[in-house]
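# Remarks on the overall topology
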Amino acid sequence: GQNIDQPTEMTATEGAIVQINCTYQTSGFNGLFWYQQHAGEAPTFLSYNVLDGLEEKGRFSSFLSRSKGYSYLLLKELQMKDSASYLCAVRATDKLIFGTGTRLQVFP
Amino acid sequence: DSGVTQTPKHLITATGQRVTLRCSPRSGDLSVYWYQQSLDQGLQFLIQYYNGEERAKGNILERFSAQQFPDLHSELNLSSLELGDSALYFCASSVSPGLAGGLSYNEQFFGPGTRLTVL
């Protein structure tokens, strides 16, 4: 079966660091994506991991451990505009399977 | 702006009706994906087309169908609509279908979505 788990909601303070975890169980694995989605808007691509390890991209980093079926998205120096949902998605063969997303609220 | 366009932006209709959602991919993209996003279910993959042919199928109901035309735009047809079909429908496009097993990937660019309300 296919299963992707993320926390439903998280809160953090402006300027802080937050880590959003994602665990997955899928038949077939061809990479893991993180997308950001503001309410009512389209998801936008943040990062892609296919090999184990950390990928850094400015304030955002993403980590993958394939043996543990685990990924996290790390957001540093949080800004108010980072308040959004963060979607973890696994590419299993030709399909992209999304988790239900983590709604992050950043407070001043 | 991702370069993917979707029309209409909003659609309100009644149960039992049929609607067509339209998507134009980014210039040069051959692959089109359709997703449904409802409040309680997250983003659900429906179907993918590549260069006019069906490539992959997700949790798409039999009441729903799609096609990709020679000019690469795509339409999603929803029929015998039910209240539970109310959702945001997103189209995404990528250059190619995405090669399984390799290091390459094809980022999917999402359109702005069509919000369907079934009353």
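These numbers were taken from a predicted model, which means no experiment stands behind them. For every chain, the first residue of the written sequence is number 1, and numbering continues from 1 along that sequence. Think of it this way: whatever chain is written first is A, whatever ligand is written first is 1, and the rest follow in order. Residue-level local features of this predicted model are given only where pLDDT is at least 70; pairs of side-chain atoms are given and counted only at 80 or more, and the full residue set underlies all totals for whole chains, interfaces and linings. Values shown for side chains rest on all heavy atoms present in the structure; no hydrogens or waters enter the calculation.

As a further point, take the overall build of chain B. Each helix is a run of H or I in the DSSP string that is no shorter than four residues. Each strand is a run of E no shorter than two, and both are numbered from the N terminus. A tally of regular secondary structure across chain B gives zero helices and 11 strands. Walking chain B from its N terminus toward its C terminus, one meets helices and strands in the order β-β-β-β-β-β-β-β-β-β-β. Every radius of gyration here is taken over C-alpha atoms, with the globule rule written as 2.2 Å times N^0.38, N being the number of residues. Relative to its length of 119 residues, chain B is compact, with a C-alpha radius of gyration of 14 Å against a globular reference of 14 Å. Overall size of chain B, expressed as C-alpha extent along the three principal axes, is 45 × 25 × 25 Å. Between buried and exposed lies partly exposed: a residue is buried under 20% and exposed over 50% of the maximum accessible area for its type, with that area taken using a 1.4 Å probe on protein chains only. Each of the 119 residues in chain B was classed as buried or not, and the buried ones make up 50%. Residue pairs in contact within chain B that sit at least 24 positions apart in sequence constitute 58% of those at least 6 positions apart. In summary, the charge assignment counts Lys and Arg as positive and Asp and Glu as negative, without counting His or the chain termini. To locate a charge, the coordinates of NZ of Lys, CZ of Arg, CG of Asp or CD of Glu are taken. Each charge class in chain B can be summarised by its mean position, and for the 8 positive and 11 negative side chains these summaries are 3 Å apart. Note on definitions: a residue-residue contact is assigned when non-hydrogen atoms from the two residues lie within 4.5 Å.

Residues and elements named next belong to chain B. Within the element layout of this structure, T5 appears in strand β1 (residues 5–7). With relative accessibility at 44%, the residue T5 sits in the partly exposed group. Once the C-alpha coordinates of T5 and P25 are considered, the two residues, 20 residues apart in sequence, prove to be 6.7 Å apart. Not counting the four nearest positions on each side in its chain, T5 is found in contact with R22, C23 and S24.

Residue and element names in this part refer to chain A. Looking at where S62 falls in the secondary structure, it is placed in strand β7 (residues 60–65). Among the polar contacts made by the side chain of S62, one reaches the side chain of S47 at a distance of 3.1 Å. In contact with S62, other than residues within four places in its own chain, are W34, S47, N49, G53, L54, E55, Y72 and L73. Any pair of nitrogen or oxygen atoms within 3.5 Å is treated as a polar contact; in protein, a donor-acceptor pairing is required on top of that, and neighbouring residues in sequence qualify only through side-chain atoms on both sides.

Next up on the list: the packing of aromatic side chains. Two rings from Phe, Tyr or Trp (for Trp, the six-membered ring) form a pair when their centres are within 6.5 Å of each other. A pair whose planes differ by under 30 degrees is stacked, one over 60 is edge-to-face, and the rest are tilted. The full count for this structure, using the stated rule, is 15 aromatic pairs over all chains. A centroid spacing of 6.2 Å and a plane angle of 70 degrees characterise the contact between F33 of chain A and F45 of chain A, whose relative ring orientation is edge-to-face. Remark: F45 of chain A occurs in strand β5 (residues 44–49) and F33 of chain A occurs in strand β4 (residues 32–37); sequence separation between them is 12 residues. Taken individually, F33 of chain A and F45 of chain A each receive the classification buried, so the pair is uniform in this respect. Relative to F110 of chain B, the ring of Y35 of chain B has its centre 5.4 Å away and its plane inclined at 35 degrees; by these criteria the two rings are tilted. Here the residue Y35 of chain B occupies a position in strand β4 (residues 31–38), and F110 of chain B occupies one in strand β10 (residues 109–110), the gap between them amounting to 75 residues.

The next thing to look at is the environment of F29 of chain A. Mapped onto the fold, F29 of chain A is located in the loop between β3 (18–25) and β4. Distance from F29 of chain A to R91 of chain A, taken between C-alpha atoms, is 6.0 Å for residues 62 residues apart in sequence.

A few words now on the sheet that holds β3 of chain A. Residues and elements named next belong to chain A. Should DSSP find at least two bridges between two strands, the strands are regarded as paired. On the basis of which strands lie adjacent, the open sheet formed by five strands has the order β1-β3-β8-β7-β6 and antiparallel pairing. A strand with exactly one partner marks an edge of an open sheet, and here the two such strands are β1 (3–5) and β6 (53–57). Direction aside, the axes of adjacent strands within the sheet are offset by 15 degrees on average. Here six bridges tie β3 to strand β8 (residues 70–75), and the two strands are oriented antiparallel to one another. Bridge pairing in β8 links N21 to Y72. Note on definitions: angles span 0 to 180 degrees between N-to-C directions of axes, and those axes are lines fitted to C-alpha atoms, for helices only across the stretch in contact.

All names here are of chain B. If you trace the four strands from one edge of the open sheet to the other, you get β1-β3-β8-β7, paired in antiparallel fashion. Where the open sheet ends on each side, the last strands, each with one partner, are β1 and β7 (64–68). The sheet shows a mean angle of 15 degrees between the axes of neighbouring strands, taken without regard to direction. Across five bridges, the pairing between strand β3 (residues 19–24) and strand β8 (residues 74–78) is antiparallel. Each bridged residue has a counterpart across the sheet, and for R22 the counterpart in β8 is E75.

What follows deals with unusual backbone geometry. A cis amide bond links T7 of chain B to the next residue, P8 of chain B, at an omega of -10 degrees. Checked against the element boundaries, P8 of chain B lands in the loop between β1 and β2 (10–13). Unusually for a residue other than glycine, E77 of chain A sits at a positive phi of about 45 degrees. Tracing the chain through its elements places E77 of chain A in the loop between β8 and β9 (84–92). The backbone of L72 of chain B shows a phi angle near 80 degrees, a positive value even though the residue is not glycine. With respect to the helices and strands, the residue L72 of chain B is situated in the loop between β7 and β8. By relative accessible area, L72 of chain B is classed as buried at 16%.

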